[in-house]
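Listed here are the chains, written in short residue letters.
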Amino acid sequence: MSSVPSPVLRPSRPRALMHPIACALALLASSVHADEPAALLPSVTVRADAAGEGTAPLRPSAVAERERLARVPGGTNLALPQQEARLATLRDVLDYQPGVVLQDFFGATDQPRLSIRGSGIQSNPVNRGVVLLQDGLPLNEADGSFIIGLLEPRNAALVSVRRGANTLTPSATTLGGELDFQSLTGADQKGQVRAEYGSFGRKALQGAVGVAGEQWDGRIGVSGDRFDGYRHHSASRRDALHANLGFQRGGVENRTYLSWTDLEFEIPNVVPKDRVGSNPRGVMGDGSTPQDQLLNIYRRDPRREARQLRLANRTRWGSDALRQELGLYWQDTDDWFKDPTMGTRTDSRTLGAQWRADGQASAQLAWHMALAWSRSDMDRSLRAVSPANGSELQLFGDYDLQAENLQGQLGADWRVARDWTVVGQIGWSRQSRDAASRQTGQRLDQQWTFATPKIGVNWQATPATRVWANLSRSQEAPTFWEIVAGTVPNPANPATAKSSLTRLELQRATTWEIGGQGRWGEGAHAPQWQLVYYRSQVADEILSVSNAYGQALGTTNYAGGTRHQGVEAGLSGSWALGAAGALDWRGSWTYSDFRFKDGAYAGNRIAGVPRQLINAELMWRTAVANGSLRLGPNLRWMPQDTPIDHANTAGATQDSYALLGFKLEWTQGPWRTWLMAENLTDRRYASSFAIRDKATAAQPGYLPGLGRSVAVGVSYLF
């Protein structure tokens, strides 16, 4: 069966009516450090808002966002996606950002594992630990969960990352912080068409049109992605529509957002370690072992299908003395996640509101306050999966779920001296997670009330250098993915499927960090740097693990305490080569040392995140007629083995790897073309894995990474 190609996706339910419309319109521009000179790459307008730069404007502004982040006494990132050539995946946006760890699922529009400072590393699939914001408003459901594949990086003007407790919204209380994807508007560009074609059936189309008047603007963009997949049974599809319309008159600005996403992908699932090297494209079912027969992926047909419709509105008014903003959002999400042994369907309706006020008490003292409320009503059903043909069998879990949050925030920035600022903030949250079984009548209602204080200091050591230190508290409530537990103890016997409700405690952490960022020298080519060290003492860390078959087993709070510490470093710049050329370079190093302090695994490393992750790129740039040519190599390097289990079993590791790539970009006027080659040496490696209490290399637990691949693309700006 190893020669059988991955089948084309076959939706098991009717597609939304918008799907053909989106595909027709599509037939009608990743990440750099914020301070990298804009001249190095093709320009895109990301406006500054002259009034009220102390708050994020409704039209994205790299200048204003950079100034806002400069007042945060902690680690942050500002990525400008439109300065990148390819924007097919989340990695294209965030690959060179320090402190942001991405581990591919299988390299398409699927569900990469995203972690910041060890957040959410135990969730499977990844769905918690950070707050994803779309234009300043939460994309997460009210229980804290998210579907990361719903993000569309091609629609983002900028991505603002506030790592750890350096958050700016009341909804973000977790160890990981928040990522804010701010949309392009009609004032940013008149229009764009983008197309991509690559190895393993990768195809993408995107089209966008923007219009702007004296006091209004609007933009609509559609995109479609297809990928046959590197591994067998790994095809994926995503269609998306994003639109926004803004009005501004006097001191009042209003913007309405609409987004629709239809995502589907097959899941090749995990394999034993030896197959990462011997048959990286294979899945369970390609061999003749009893494990292959039991976990045959072709017959069980694991997959995920998710559709979301979202509406949001933001209104901003006032002056620098007192500026206010009110945001409202509603989203309807239909999600079906089927692993090899059980299928989980979730229909969720979420409503939320967020209000913020910023004021200036004096030239030395600024303050802000905010309130946020959100509620999700979810219907979740669990069904066993037939090992013979992948069909859904008996219903063994049927739940009525409701999550609600009420949160507040109060903070102040006090300039105590010319170059010194003290920043203080206190957050308050009341969060509830109520679950009831329609089958058994079992009910579990949980509610937590907590505070998240933080205090920090900024020192402007020189005009080009800022140094900071902070102390903070974070809290994370479990999502329903942890509270509602479903298992199939014997994959050969679906009748053994069972579900239950799990009572869990808050995950709490106290974190301190020191760091700095700045520029060496003057001019557009001056090197930019950032360096952060943090240390978190975590209590009741939420740990989810898998069984011998790689399926979710359960979730607990670890009673012995854990410690997260690490270094986040970034460097970028350019060396001039004569009058018309230069070497542009950037890189990041994220070091993570996460350990159990006491308890059953005292002293062991927490499985899930590489100890070291290094990304680097070197590009030669030269001027051509009305444009530029850039080309050069890049490197993604994990220099040390990573344990896949908390017992740190010898041999049960994700082995170290180094992936060499190459990129070529050519721009001339409104045209831009690019070629990207990845994994040039065709290295066979595991990109991710299933986390267990105790594992062996012979158990299915590894996800082989993408092999050698090439993609080409072209875009045109109106």
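Residues numbered from 1 in each chain as written. Predicted model: local features only at pLDDT ≥ 70, side-chain atom pairs only at ≥ 80, totals over all residues. Heavy atoms only, no water.

**Focus: the sheet that holds strand 5 (residues 137-138)**
Here we have five strands laid out as an open sheet, ordered 1-6-7-4-5, and mixed in their pairing. In the strand order of this sheet, the two ends are held by strand 1 (76-79) and strand 5, each with one partner. Alignment of strand 4 (residues 131-134) against strand 7 (residues 177-183), held across four bridges, turns out to be parallel. Within strand 7, the residue paired with Val-131 across the bridge is Glu-178. Docked against the sheet, helix 2 (residues 62-70) engages strand 1, strand 6 (156-163) and strand 7, running at close to 5° with respect to strand 6. (Pairing = 2+ DSSP bridges. Helix = DSSP H or I, 4+ residues; strand = E, 2+ residues; numbered from the N terminus. Contact = heavy atoms within 4.5 Å. Axes fitted to C-alpha atoms, helices over the stretch in contact; angles between N-to-C directions.)

**Regarding the pattern of salt bridges**
Within the structure shown, the criterion is met by 55 salt bridges. Among the salt bridges present, the one from Arg-162 reaches Asp-180, with a minimum N-O distance of 4.0 Å. Linking Arg-162 in strand 6 with Asp-180 in strand 7, this pair joins segments that are 18 residues apart in sequence. In this structure, Arg-162 and Asp-180 share a single accessibility class: buried. Where Arg-630 meets Glu-665, a salt bridge forms, and the shortest distance between an N and an O atom there is 3.2 Å. Note that Arg-630 is positioned in strand 30 (residues 627-638) and Glu-665 in strand 33 (residues 657-668), a separation of 35 residues in sequence. Each member of the pair, Arg-630 as well as Glu-665, carries the same accessibility label: buried. Salt bridges here are not isolated pairs; linked through shared partners, they connect Arg-226, Arg-237, Asp-239, Asp-262, Glu-264, Glu-266, Asp-301, Arg-303, Glu-305 and Arg-307. (Salt bridge = Lys/Arg side-chain N within 4 Å of Asp/Glu carboxyl O. Buried < 20%, exposed > 50% of the residue type's maximum accessible area, 1.4 Å probe, protein only.)

**Some remarks on the packing of aromatic side chains**
Under the criterion given, the structure shown has 13 aromatic pairs. Ring geometry for Tyr-716 against Phe-718: centres 5.6 Å apart, planes inclined by 90°, an arrangement best described as edge-to-face. Relative accessible area serves as the criterion here: at 53%, Phe-718 is assigned to the exposed category. Three or more aromatic residues joined by ring pairs form one cluster here, namely Tyr-558, Phe-596 and Tyr-601. Over the ring of Tyr-534 we find Arg-117, and its NZ or CZ is 4.6 Å from the ring centre. (Phe/Tyr/Trp six-rings, centres within 6.5 Å; stacked < 30°, edge-to-face > 60°. Lys NZ or Arg CZ within 6 Å of the ring centre and 35° of its normal.)

**Here's the deal with the side chain of Gln-530**
Position of Gln-530 relative to the elements: it lies in strand 24 (residues 528-539). The class for Gln-530 is buried, based on a relative accessible area of 11%. Polar contacts involving the side chain of Gln-530 include one to the side chain of Arg-163, which spans 2.7 Å. Ignoring any residue separated from it by four or fewer positions in sequence, one finds Gln-530 in contact with Gly-75, Thr-76, Pro-98, Arg-163, Trp-468, Gly-516, Gln-517, Glu-568, Ala-569 and Gly-570. (Polar contact = N/O pair within 3.5 Å; in protein donor to acceptor, adjacent residues only side chain to side chain.)

**Examining unusual backbone geometry**
Despite not being glycine, Asp-135 has its phi angle at roughly 60°, a positive value. With a phi close to 60°, Phe-200 is a non-glycine residue in the positive phi region. Topologically, Phe-200 is positioned in the loop between strand 8 (191-198) and strand 9 (202-212).

**What to know about the nonpolar core**
One finds Leu-94, Leu-114, Leu-132, Val-159 and Leu-179 to be the most contacted residues of the largest nonpolar core, which totals 20 residues. Those elements that place two or more of their residues in this core are helix 3 (90-94), strand 6 and strand 7. Beyond its immediate stretch of four places on either side in the chain, Leu-179 contacts Leu-94, Leu-114, Ile-116, Val-130, Val-131, Leu-132, Leu-133, Ser-160 and Val-161. (Core = buried A, V, L, I, M, F, W, Y, C linked by side-chain atoms within 4.5 Å.)

**Concerning the environment of Ser-500**
With respect to the secondary-structure elements, Ser-500 resides in strand 22 (residues 498-501). You can call Ser-500 partly exposed: its relative accessible area is 31%. Spatially, the C-alpha atoms of Ser-500 and Thr-440 are 9.8 Å apart, while their sequence positions differ by 60 residues. Apart from residues no more than four positions distant in its own chain, Ser-500 is found in contact with Tyr-399, Gln-442, Ile-483, Val-484 and Ala-485.

**Digging into the confidence of the model for the protein chain**
Across the protein chain, pLDDT averages 89, with 90% of residues at or above 70. For the stretch residues 1-56, pLDDT sits under 50, and the model shows 170 contacts to residues farther than four places along the chain or on other chains. (pLDDT = per-residue confidence, 0-100.)

**Things to note about the pairing of strand 8**
One ladder, built from eight bridges, connects strand 8 with strand 9; its direction is antiparallel. In the sheet register, Gly-198 faces strand 9, and the bridge partner there is Arg-202. What sits between the antiparallel neighbours strand 8 and strand 9 is a turn of three residues, in which Phe-200 has the positive phi angle 60°. Where strand 8 meets strand 37 (residues 709-717), seven bridges bridge the pair, whose relative direction is antiparallel. Looking across to strand 37, one finds that Glu-196 is bridged to Gly-713.

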